[in-house]
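Structural overview for review
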Amino acid sequence: MLYHSTRNCLSTVDSAQAVLSGLAPDGGLYVPEKLPQIDVAACLQEDTMQMAQRIIGAMLPAIPNMGELVRRAYSGKFQTEELTPTVDTGKFTVLELFRGPTSAFKDVALCMLPQLLTAAKKEKGMQEDILILTATSGDTGKAALAGFSNVEGVKICVFYPDGGVSAVQRAQMVTQEGNNVAVCAVKGNFDDAQTGVKNIFASAVEGRLPAGNRLRLSTANSINIGRLAPQITYYFKAYADLLRRGQIKMGDKVNFCVPTGNFGDILAGWLAKQLGLPVGKLVCASNANNVLTDFIETGVYDRRRPLHKTASPSMDILVSSNLERLLYFLSNDTALVAGLMQELNTKGVYEVPAELKAAIKEEFWAGYCDDAKAKQTIQNVFENQKYLCDTHTATGWAVAEDYVNQTGDNRPMVVLSTASAYKFPAAVLSSLTDAPEMDEFAQMAYLEKLTGWPVPANLSGLQEKKELHTGVIEKDAMLAFVEEL
Ligand SMILES: *Cc1c(COP(=O)(O)O)cnc(C)c1O
């Protein structure tokens, strides 16, 4: 199975090369020529790591020894051997994706990506070191740093928006140890940091990055197919749990509601469906940055609007990179996708043809939820379902409720929970009670006492750790920063 760019299908690479490159040379994203099929019934009998081996192996067939890679990626790193447990709250089923080493759903993919990259590098006989360059709105940064720390033959550099991540997220990143890690704040928002990273990639392609001779650039953002493939697994895992609990029969369709930013998580759900999983509607939940809600409703993607800072910062995004993959999959038309992306770049807006709009609506439903409603939802869910959710998960929960109310679709609904409540203690605490002013670390302790839910081990004690990366730079200094690595 070969991969090509979403913007041009003429030049193909194998899956090992697609993982190594991250982005295609024309700026498009790598997509498989043809999606694989797997034995779904057999897969649903397996434990999570076996599922991962089967699914990632099918998506990335050029990378050998997948079973070994999966074991190395996940063994002993998550709170539970099932990696991503589900909780039946009596209303929705919550799929907990935050039981990994940094309490973020991105751990699922970013524990795996270093294994995939180093294996792909070996497969291709590549000599140079890889430099992983990543812009983060908070969670990707720490999960990537933790995943890549001290991995041989790889360096990692993370840029985050100055003041645009929570104190806990910042502390997680700036205390990261490892002989191959760099972290730096950028004056600007997440889109500025992401644009800066894209520009550095462009400089390397044009030969304007001298370090490009000794380092090969790659990315840990979800534009890398090696990041996306591992995320397909947990949709199968959730379905298997519903089967085991007798809540569904084999073949019954299940809906999933996904708090969405870059569209990677929800696209993994759509890929699970293409691999044969009986998925019903994929509900796309946004916060006040509701570009995707408007797009799925109207077919017009319009990024010309202010970026709102919300209580769910990992979803404060105006350009959802992975949507480009969906546009390709549903149209099969690279010229169309290239044209739309060109319009997005030059005009900040595009409109998809009517058939494509209809195809998207067939598979997806979209809604959004502002901060006030997310906070109300945290309180309601804690009171009624005795479940403590973070702001991102609450956004998903609220939109899932809207979906059920507006459509009457009563199929089982799985809400993806993307972060521990303790990663966003200020917002969660103020949703539940009027606590006095205190810093985020005191809020964590307060929240633990209030709810009886334990602080994850990786977050307690963070405050005592030494800050190792305290730099802040202008956005046009990012290239120079990378040159120094
Ligand atoms: C990254 C992230 C999301 C959004 O996931 P995408 O794949 O970018 O859509 C949602 N919630 C949290 C907590 C995240 O870290």
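What this report covers is the structure whose coordinates are included nearby. Note that the structure is predicted; figures quoted are calculated from it, not measured.

**Some points on the pattern of salt bridges**
Counted under the stated rule, the structure contains 22 salt bridges. One salt bridge connects Arg71 with Glu68, and the closest N-O pair in it is separated by 3.6 Å. Taken as a pair, Arg71 and Glu68 lie in helix 4 (residues 66–74) at a separation of three residues, close to a single helical turn. A residue is classified by how much of its surface remains accessible, and Arg71, at 44% relative accessible area, is partly exposed. Lys249 is the salt-bridge partner of Asp252, the closest N and O atoms lying 3.8 Å from each other. Look at Lys249 and you get exposed, because its relative accessible area is 58%.

**A look at the environment of Ser460**
Inspection of the secondary structure assignment puts Ser460 in the loop between helix 19 (440–451) and strand 16 (472–474). It is 25 Å that separates the C-alpha atoms of Ser460 and Glu383, two residues lying 77 residues apart in sequence. Reaching out from Ser460, the side chain makes a polar contact with the backbone oxygen of Ala457 at a distance of 3.3 Å.

**What about unusual backbone geometry?**
Phi at Ser103 is positive, roughly 60 degrees, even though this residue is not glycine. Within the secondary structure layout, Ser103 lies in the loop between strand 5 (93–96) and helix 5 (107–110). The phi dihedral of Asn332 is positive, around 55 degrees, even though this residue is not glycine. Inspection of the secondary structure assignment puts Asn332 in the loop between helix 13 (323–331) and helix 14 (334–347).

**Overview of the site of the ligand**
In the vicinity of the ligand there are 15 residues, among which Lys106, Gly261, Asn262, Asp265 and Thr418 approach most closely. A distance of 3.3 Å is found between an oxygen atom of the ligand and a backbone nitrogen or oxygen belonging to Gly264. Here Ser314 contributes a side-chain N or O atom positioned 3.4 Å from an oxygen atom of the ligand. Bound to the protein, the ligand loses 98% of the 380 Å² it would expose on its own. For the shell around the ligand, the residue count by class is five nonpolar, seven polar and three charged.

**A look at the side chain of Thr140**
Note on placement: Thr140 falls in helix 7 (residues 139–148). By relative accessible area, which is 7% here, Thr140 ends up buried. Other than its neighbours up to four places away in sequence, Thr140 contacts Lys106, Leu110, Thr134, Ala220 and Arg227.

**As for the state of the cysteines**
One pass over the full model with this rule turns up zero disulfides. Not engaged in a disulfide, the cysteine Cys157 finds its nearest cysteine sulfur in Cys184; these two sulfurs lie 7.3 Å apart.

Rules of the game
- Residues numbered from 1 in each chain as written.
- Predicted model: local features only at pLDDT ≥ 70, side-chain atom pairs only at ≥ 80, totals over all residues.
- Heavy atoms only, no water.
- Salt bridge = Lys/Arg side-chain N within 4 Å of Asp/Glu carboxyl O.
- Helix = DSSP H or I, 4+ residues; strand = E, 2+ residues; numbered from the N terminus.
- Buried < 20%, exposed > 50% of the residue type's maximum accessible area, 1.4 Å probe, protein only.
- Polar contact = N/O pair within 3.5 Å; in protein donor to acceptor, adjacent residues only side chain to side chain.
- Near = heavy atom within 4 Å.
- Areas by Shrake-Rupley, 256 points an atom, 1.4 Å probe, with all protein chains shown as cover.
- Nonpolar A, V, L, I, M, F, W, Y, C, P; charged D, E, K, R; others polar.
- Contact = heavy atoms within 4.5 Å.
- Disulfide = S-S within 2.5 Å.

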